[in-house]
Amino acid sequence: MADTKREIERKYECGDTALPDLTGVPGVASVRDKGVSHLDATYYDTADERLAAASLTLRRRTGGSDAGWHLKFPVAPGVRDEIRAPLSDELPESLARLVRSRVREHALRPVVRLRSDRDVRHLLDPDGRLLAEVSVDAVHAERLTGDGGTARWTEIEVELADGGDPAFLDRVEKKLRKAGARPSKSASKLARALAETAPRAAAARPEGKQPAPATAPEAAARRKRATRAVGTPATAGDHVLAYVRAQRDALVELDPAVRQDVPDSVHRMRVATRRLRSTFRSYRAVLDREVTDPIAADLKRLAGELGLDRDQEVLAERLRTALDDLPAALVTGPVADRLTAWSEARHSGARGRLTGILDSRRHLALLDALDALLADPPLREKAAARPDKVLAKAVRKDIDKLSGLVTRALDLPPGDDRDVALHEARKKAKRTRYAAEAAAPALGAPAENLVKSVKSLQSLLGDHQDSVMARRTLRELSAVAHAAGENTFTYGVLYGREEHRAQLAEAALPEAWASVRKDVPL
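Residues numbered from 1 in each chain as written. Predicted model: local features only at pLDDT ≥ 70, side-chain atom pairs only at ≥ 80, totals over all residues. Heavy atoms only, no water.

Counting its secondary structure elements, the protein chain contains 16 helices and nine strands. By principal-axis analysis of the C-alpha atoms, the protein chain measures approximately 80 × 70 × 45 Å. Burial analysis of the protein chain (522 residues in total) assigns 45% to the buried set. Long-range pairs, those at least 24 residues apart, make up 73% of the contacts in the protein chain between residues at least 6 apart in sequence. Only carbon and sulfur atoms are counted for the fraction: they give 51% of the accessible area of the protein chain, which is about 26,000 Å². With 89 positive and 79 negative side-chain charges, the protein chain shows a spacing of 5 Å between the two charge centroids. (Helix = DSSP H or I, 4+ residues; strand = E, 2+ residues; numbered from the N terminus. Buried < 20%, exposed > 50% of the residue type's maximum accessible area, 1.4 Å probe, protein only. Contact = heavy atoms within 4.5 Å. Areas by Shrake-Rupley, 256 points an atom, 1.4 Å probe, with all protein chains shown as cover. Lys, Arg positive; Asp, Glu negative; His and termini not counted. Charge placed at Lys NZ, Arg CZ, Asp CG, Glu CD.)

So, in structure tokens, the structure goes:
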């Protein structure tokens, strides 16, 4: 089993600076010497150091109080989530799965060994409670690949106690700075080790041999790729690719959270798949659909699998809230128990299926395909054009299609046909919103206002569709309860309330749609 710990710490370069007397730090009543630990850690990564590129660290460490396997994810500067697993010879599968979206089919291998003599002190408050742990680490780093370079340094590490106030670290830092210590330039020991033991590129080449010069087309292509990767978006293609890249990154970064059942992670991953599919469809004048259509098909499949879990979560929460809002006199029979049993059974099955999807070769191939698209984009002629013209035209085209769907839905009488038509309008509203999001950096306020107004329309349509699904579920639960001889009165009350919510949403649609039309970019 693995467990997770939020780690808030700061590192300092100290050279020959001695650790000052920290009893002078406000709030510190005493400093307890915990002695010296001898730590031996081997860090793992792929040959192209994919984990390090994402600021992830994976290590097997012996010595100290927390020997075992440690996987660390960055949360914010100086904040990481550390997931631990017991010490073993092989990497635990529980941790291997959490880096699969990064590693894909590439093998993990030892890249760096760090041996540290850690001199530890605990900073305690007047009641003897731990405020922070301060350690002076004498580090010996050895690269286990390439030329096997080595490095040595000494650093001070200050880790906040669980539940502590991060402001306390500022007070400790003030004391350390006065003593001559300076914040480390490296985010982690591994980052410093990789930098200081890296083989020089020139030394790696045979003597006198230089890399072959690039041809003119190759050099131009490299410059374009570099500009797209790090430069300010200039063309229509640049803006679309920037949006695609952000969604690709979201798919990769959310993978561990989805596996750990972090709240809202499934929803956020599903939204990233929708944004990608919508972008491919809305901006076909920018990206060649012969390349994007197969990727979109796999994204649709993934969204469907994510939807099995997410839709279940949303619907269950809606019904639970509606039941809680009912007066006690209107609740008859074991409605809450039946709803809980239905929700947990569906959620458990969806979670296991989703984990299998994320582990599949097909899913890893999808991530590889997105990487390949960004590395060598299938740009069409209009990708090089001015973004204000190309992107605005694509957004207006989506608005025109949305207009037809909304108008048709509102012209239909209440009933199943209107429900289906409003659901189709909802899907088109999402696509329009995402197209406007991608265009916002280029079009500015007009696109930003459109995003807001379409989001409001989408929320109304979404509430209507949720009501449709809630009523369908209530009918099913009522039938099961009736067959079991239970009173079904409460299901009818909830059904009537959901019907009323749908009517309110439909009544508000004309005004919401008028707001969208007002905000369409010129």
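Next comes the rest of the write-up.
In this structure, Val-244, Leu-251, Phe-280, Tyr-283, Val-286 and Leu-457 are the most contacted members of the largest nonpolar core, which totals 63 residues. The dominant element in this core, judged by the number of residues it contributes, is helix α14 (residues 416–443), at eleven residues. Listed in part, the 17 residues of the second largest apolar core include Tyr-12, Cys-14, Leu-131 and Leu-169. (Core = buried A, V, L, I, M, F, W, Y, C linked by side-chain atoms within 4.5 Å.)

A word on the environment of Arg-177. Relative to the helices and strands, Arg-177 is located in helix α4 (residues 167–178). Arg-177 sits 146 residues away from Val-31 along the chain, and the two C-alpha atoms are 18 Å apart. Beyond its immediate sequence surroundings of up to four residues, Arg-177 is in contact with Arg-182 and Pro-183.

Here Ser-453 shows up in helix α15 (residues 445–483). For Ser-453, a relative accessible area of 5% corresponds to the buried category. Engagement of the side chain of Ser-453 in a polar contact is seen with the backbone oxygen of Leu-450, the distance being 3.1 Å. Excluding residues within four positions of it along the chain, Ser-453 makes contact with Ser-515, Val-516 and Asp-519. (Polar contact = N/O pair within 3.5 Å; in protein donor to acceptor, adjacent residues only side chain to side chain.)

Of the residues in the protein chain, 92% reach a pLDDT of 70 or more, and the chain-wide mean stands at 90. Overall, residues 201–230 carries pLDDT values under 50, and its contacts beyond four positions in sequence, including any with other chains, amount to twelve contacts. (pLDDT = per-residue confidence, 0-100.)

Now for the packing of helix α9 (residues 265–282) against α14. Relative orientation of the contacting elements α9 and α14 amounts to 80°, with a least axis distance of 9 Å. Accordingly, the angle class assigned to the pair α9 and α14 is roughly perpendicular. Contacts from Val-271, Arg-274, Arg-275, Ser-278, Arg-281 and Ser-282 of α9 reach α14 at Lys-430, Arg-431, Arg-433, Tyr-434, Ala-435 and Glu-437. (Axes fitted to C-alpha atoms, helices over the stretch in contact; angles between N-to-C directions. Parallel < 35°, antiparallel > 145°, perpendicular 65-115°, else oblique.)

Where α15 meets helix α16 (residues 489–518), the closest approach of the two axes is 9 Å, and the angle between their N-to-C directions is 165°. Here α16 runs roughly antiparallel to α15, going by the angle between their axes. Here α15 and α16 pass one another in a crossing that is left-handed. By residue class, the composition of the contact of α15 with α16 is 19 nonpolar, five polar and seven charged. (Left-handed = near helix turned anticlockwise from the far one by under 90°. Nonpolar A, V, L, I, M, F, W, Y, C, P; charged D, E, K, R; others polar.)

All right, on to helix α8 (residues 236–259) then. Because an α-helix packs 3.6 residues into every turn, residues spaced three or four apart end up facing the same way. Its 24 residues give α8 an end-to-end C-alpha distance of 36 Å, which sits within 8% of 34 Å, the value for a rise of 1.5 Å per residue. In the structure, α8 departs most strongly from a straight axis at Glu-253, where the bend amounts to approximately 35° and where the proline Pro-256 lies between one and four residues downstream. The element α8 is extensively covered by neighbouring structure, given that 20 of its 24 residues are classed as buried. (Expected span 1.5 Å × (residues − 1). Bend = angle between axes of the 7 residues up to and from the residue.)

Looking now at a positive patch on the surface. A cluster of basic residues, Arg-281, Lys-300, Arg-380, Lys-382, Lys-393, Arg-396, Lys-397 and Lys-401, forms a positive patch at the surface. In terms of residues, the positive patch owes the most to one element, helix α13 (residues 387–411), which gives four residues. Among the structural elements, Lys-401 can be located in helix α13. With a relative accessible area of 39%, Lys-401 lands in the partly exposed category. (Patch = residues over 30% accessible without salt bridge, like charges linked within 9 Å, V, L, I, M, F, W, Y side chains within 5 Å. Salt bridge = Lys/Arg side-chain N within 4 Å of Asp/Glu carboxyl O.)

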